[in-house]
Amino acid sequence: MSVVMTTPMLVVFESCNCFRHFLPFLLNCFVCFDFVPYTSYHRAFLGEEAAGMRLGASTPSNLERTVAIIKPDAVQNQKEIEAIMIRSGFSILRQRRTSLTAEEASSFYAEHFGKAFFPYLVDYMSSDSVVVYVLARQNAISIWRDLIGPTNSTRARVTHPNSLRAVYGTDEQKNGFHGSSDYKSAEREIRFFFREQVVLEPIKIKHSAQNYLAKNVDSTLLKTLTDQCRRKPDDPVIWLADWLLDNSQYEL
């Protein structure tokens, strides 16, 4: 994850030797934004090889979050499934075990209201505990859906025998897992299950991210980096962390 610094800030600081000590730290402190080409700064300060390792082959705009749910028939295998999530490159941002009421299940699956399987789905999802996750990685939505496999677990055991639904699901209805279908669905589902959590804020991109940085980040970093270049502390990273804790307008 990376911070994108504006041109005025770089003009002030890229000539300061102490800046080089903590830039790698800053470059990995904030969520990726895709509106400014920053690879040149990675290469300038980290070197070509290190920059390549940090950035990888994909662009930051591919970073996504998705909601994953282990449904009642697969909850007993939670630890195994979480290990598969991690091995598949996902970061678990949030998780909670909960029991849905019939009303909550109906609200969550409102898009399926009126379909023949809807009453069965509501009864199934409210029959026992579920485990809900917010997962993150590049292309998280499509990769998680590929990992869980086809909706019908019985058919998945034939066509996608290594998928999670094939291994842990039961049948066509009790299929073990849920995954967000697209970006808008993911954001809605995050809000549904994690109303009070920081994770509610969407990943900002392009102009909205640029405006957010200009309003909330640049002024704070400008002050602290100026002070740091003047003081030249022995451990710039620790000094920066302490300064932000003492002076940030936000509760950390």
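Use the structure listed above.
What comes next concerns the included structure. Here the structure is a predicted model, which means the values were calculated and not measured.

### With respect to the packing of helix 13 (residues 218–231) against helix 14 (residues 236–247)
Then, number 1: Where helix 13 meets helix 14, the axes come as close as 11 Å, and the angle between the chain directions of the two elements is 135°. Judged by the angle between their axes, helix 13 and helix 14 are oblique. At the point where helix 13 passes helix 14, the crossing takes the right-handed sense. Counted together, Thr220, Lys223, Thr224, Asp227, Gln228 and Arg231 of helix 13 and Pro236, Trp239, Leu240, Trp243 and Leu244 of helix 14 form the full contact between these two elements.
Then, number 2: Residue composition of the contact of helix 13 with helix 14, grouped by class: five nonpolar, three polar and three charged.

### Description of the side chain of Asp227
Then, number 1: Relative to the elements of secondary structure, Asp227 occurs in helix 13.
Then, number 2: Of note is the side chain of Asp227, whose polar atom sits 2.8 Å from the side chain of Arg231.
Then, number 3: Residue contacts for Asp227: discarding those within four places in its chain leaves Trp239 and Trp243.

### What to know about the sheet that holds strand 1 (residues 63–70)
Then, number 1: Taken together, the four strands give an open sheet; going across it, the order is 2-3-1-4, and neighbouring strands pair in antiparallel fashion. Strands at the two margins of the open sheet, each flanked by one partner only, are strand 2 (91–99) and strand 4 (177–179). The average undirected angle you get between the axes of adjacent strands in this sheet is 20°.
Then, number 2: Of the strand pairs in this sheet, strand 2 and strand 3 (residues 129–138) are connected by eight bridges, and their pairing is antiparallel. The residue of strand 3 that forms the bridge with Gln95 is Tyr133.
Then, number 3: Seen against the sheet, helix 8 (residues 140–148) touches strand 1, strand 3 and strand 4 and runs at an angle of roughly 35° to strand 1.

### A short note on the nonpolar core
Then, number 1: The biggest cluster of nonpolar side chains holds 18 residues, and the ones touching the most others in it are Ile69, Met125, Val132 and Phe193.
Then, number 2: Going through the elements one at a time, strand 1, helix 6 (102–108), helix 7 (118–125), strand 3 and helix 11 (183–193) are the ones with two or more residues in this core.
Then, number 3: Considering every element that reaches this core, the biggest residue donor is helix 7, with five residues.
Then, number 4: If sequence neighbours within four positions are ignored, Met125 has contacts with Ile69, Lys71, Pro72, Leu100, Ala105, Tyr109 and Val130.
Then, number 5: Listed in part, the 17 residues of the second largest apolar core include Ala68, Ile70, Ala74 and Ile84.

### Some points on unusual backbone geometry
Then, number 1: The phi dihedral of Asn139 falls on the positive side, at around 55°, and the residue is not glycine.
Then, number 2: Its identity is not glycine, yet Lys232 carries a phi of approximately 50°, on the positive side.
Then, number 3: Residue position: Lys232 is located in the loop between helix 13 and helix 14.
Then, number 4: Under the relative-accessibility criterion, Lys232 is labelled exposed at 55%.

The rules behind each value
Residue positions within a chain follow its written sequence, with the count starting from 1. At least 70 in pLDDT is required for a residue's local features to be given in this predicted model, at least 80 for side-chain atom pairs to be given and counted, and no such filter applies to totals for whole chains, interfaces and linings, which use all residues. Where side-chain values are given, they derive from all heavy atoms of the structure, hydrogens and water being excluded. Between N-to-C directions, angles span 0 to 180 degrees; the directions come from axes that are lines fitted to C-alpha atoms, helices contributing only their stretch in contact. The numbering of helices and of strands both runs from the N terminus, where a helix is a DSSP run of H or I of at least 4 residues and a strand a run of E of at least 2. Roughly parallel covers angles under 35 degrees, roughly antiparallel covers those over 145, roughly perpendicular covers 65 to 115, and oblique covers all other angles. Left-handed describes a crossing whose near helix is turned anticlockwise from the far helix by less than a right angle; the clockwise case is right-handed. The contact criterion used is simple: two residues touch if any of their non-hydrogen atoms lie within 4.5 Å. Gly falls in the polar group here, along with every residue not listed as nonpolar (Ala, Val, Leu, Ile, Met, Phe, Trp, Tyr, Cys, Pro) or charged (Asp, Glu, Lys, Arg). Counting of polar contacts relies on pairs of N or O atoms within 3.5 Å, with two restrictions inside protein: one atom must be capable of donating a hydrogen and the other of accepting it, and residues adjacent in sequence are counted only when both atoms are side-chain atoms. Think of it this way: DSSP has to see at least two bridges between two strands before they count as a pair. Put simply, buried Ala, Val, Leu, Ile, Met, Phe, Trp, Tyr and Cys residues joined by side-chain atoms within 4.5 Å make one nonpolar core. Classification of residues uses two cut-offs on accessible area relative to the type maximum, computed with a 1.4 Å probe and protein chains only: under 20% is buried, over 50% is exposed, and between them is partly exposed.

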